[in-house]
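# Descriptive analysis of the structure
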Amino acid sequence: MATLFTKIINREIPADIVYEDDHVLAFRDIQPVAPVHILIVPKTEIAGVATLPESGDHQYLLNVAKLLAEREGLSNGYRLVINQGEEGGQSVPHLHLHLIGGRKMTWPPG
Ligand code: DGP
């Protein structure tokens, strides 16, 4: 079964796509928690950090986050989040990096 995010990657479900290349799709979160809230998703179906392969160019997600943060004008800072598993608050079992910005963040997260 394709994940929800694979369906977005395959254009079976619409999304506000802001970036795409051979490895990654990025689109705006449907439930934004800040003025900028983008999900950066590898096209490969990896369930999450817990099942991340030993090798692979997954740092690339961070490079895309940096690029999009610059494009979105987040020069005062932003937050990158990966939720893992039930206690981590993960709801979609397809690895994704949240790029969140445009307001002052608080700590600790809920
Ligand atoms: P997480 O809880 O870390 O697994 O994040 C999943 C995010 O995915 C959550 O912030 C809401 C977002 N989301 C869920 N369904 C959709 C959808 O159909 N479209 C978009 N754009 N985002 C979605």
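Look up a bit, the structure's there.
Described below are features of the structure shown in this document. (Residues numbered from 1 in each chain as written. Predicted model: local features only at pLDDT ≥ 70, side-chain atom pairs only at ≥ 80, totals over all residues. Heavy atoms only, no water.)

### Observations regarding the pairing of strand β5 (residues 97–101)
- Among the five residues of β5, five are classified as buried, and the element is accordingly described as predominantly covered.
- Residues of β5 alternate between two faces, with Leu97, Leu99 and Gly101 on one and His98 and Ile100 on the opposite face, all of them buried.
- As paired strands, strand β3 (residues 36–42) and β5 are joined by five bridges and run antiparallel to one another. Note on β5: the bridge partner recorded for Ile38 is Leu99.
- Pairing analysis gives four bridges linking strand β4 (residues 78–81) to β5, with the strands arranged antiparallel. (Buried < 20%, exposed > 50% of the residue type's maximum accessible area, 1.4 Å probe, protein only. Helix = DSSP H or I, 4+ residues; strand = E, 2+ residues; numbered from the N terminus. Pairing = 2+ DSSP bridges.)

### Considerations on a nonpolar patch on the surface
- Side chains of Val49, Leu52 and Ile82 sit close together on the surface and give an oily, nonpolar patch of about 210 Å² of accessible area.
- Following the sequence through the fold, Leu52 ends up in the loop between β3 and α2 (60–71). (Patch = residues over 30% accessible without salt bridge, like charges linked within 9 Å, V, L, I, M, F, W, Y side chains within 5 Å. Areas by Shrake-Rupley, 256 points an atom, 1.4 Å probe, with all protein chains shown as cover. Salt bridge = Lys/Arg side-chain N within 4 Å of Asp/Glu carboxyl O.)

### Here's the deal with the side chain of Asp29
- Looking at where Asp29 falls in the secondary structure, it is placed in the loop between β2 (24–28) and β3.
- One buried charge, Asp29, has no salt-bridge partner; the nearest side chain with opposite charge is Arg28, at 11 Å.
- Reaching out from Asp29, the side chain makes a polar contact with the backbone nitrogen of Gln31 at a distance of 2.7 Å.
- Once residues lying within four places of it in the same chain are set aside, the contact partners of Asp29 are His37, Ile38, Leu39 and His98. (Lys, Arg positive; Asp, Glu negative; His and termini not counted. Polar contact = N/O pair within 3.5 Å; in protein donor to acceptor, adjacent residues only side chain to side chain. Contact = heavy atoms within 4.5 Å.)

### A few points about unusual backbone geometry
- In this model, Trp107 is joined to Pro108 through a cis peptide bond whose omega is 5°.
- With respect to the helices, strands and loops of the structure, Pro108 is situated in the segment after β5.
- In this model, Arg11 sits at a positive phi of 65°, which is unusual for a non-glycine residue.
- Structurally, Arg11 can be placed in the loop between α1 (4–9) and β1 (17–20).

### Brief notes about the site of the ligand
- Around the ligand lies a shell of 16 residues, among which Asp29, Asn83, Ser91, His96 and His98 are the nearest.
- At 2.8 Å from an oxygen atom of the ligand is found a side-chain nitrogen or oxygen belonging to Asn83.
- Measuring from an oxygen atom of the ligand, one finds a backbone N or O atom of Gly89 at 3.0 Å.
- Compared with its free state, where it exposes 510 Å², the ligand has 85% of that area covered by protein. (Near = heavy atom within 4 Å.)

### Focus on the side chain of Gln90
- By the element assignment, Gln90 lies in the loop between α3 (85–88) and β5.
- A distance of 2.9 Å separates a polar atom in the side chain of Gln90 from the backbone oxygen of Ala47.
- Within the structure, the side chain of Gln90 is placed 3.0 Å from the backbone oxygen of Val92, a separation counted as a polar contact.
- For Gln90, the contacting residues outside a window of four places in its chain are Ala47, Gly48, Asn83, Gln84, Gly85 and His96.

### A word on the nonpolar core
- The biggest cluster of nonpolar side chains holds 16 residues, and the ones touching the most others in it are Ile38, Ile40, Leu68 and Leu99.
- Broken down by element, the residue count for this core peaks at five residues, all from α2.
- Not counting chain neighbours up to four residues away, the residues in contact with Ile40 comprise Val24, Leu25, Ala26, Leu61, Val64, Ala65, Leu68, Leu95, His96, Leu97 and Leu99.
- Of all hydrophobic cores here, the second largest spans eight residues; its members include Ile8, Ile9, Leu39 and Val41. (Core = buried A, V, L, I, M, F, W, Y, C linked by side-chain atoms within 4.5 Å.)

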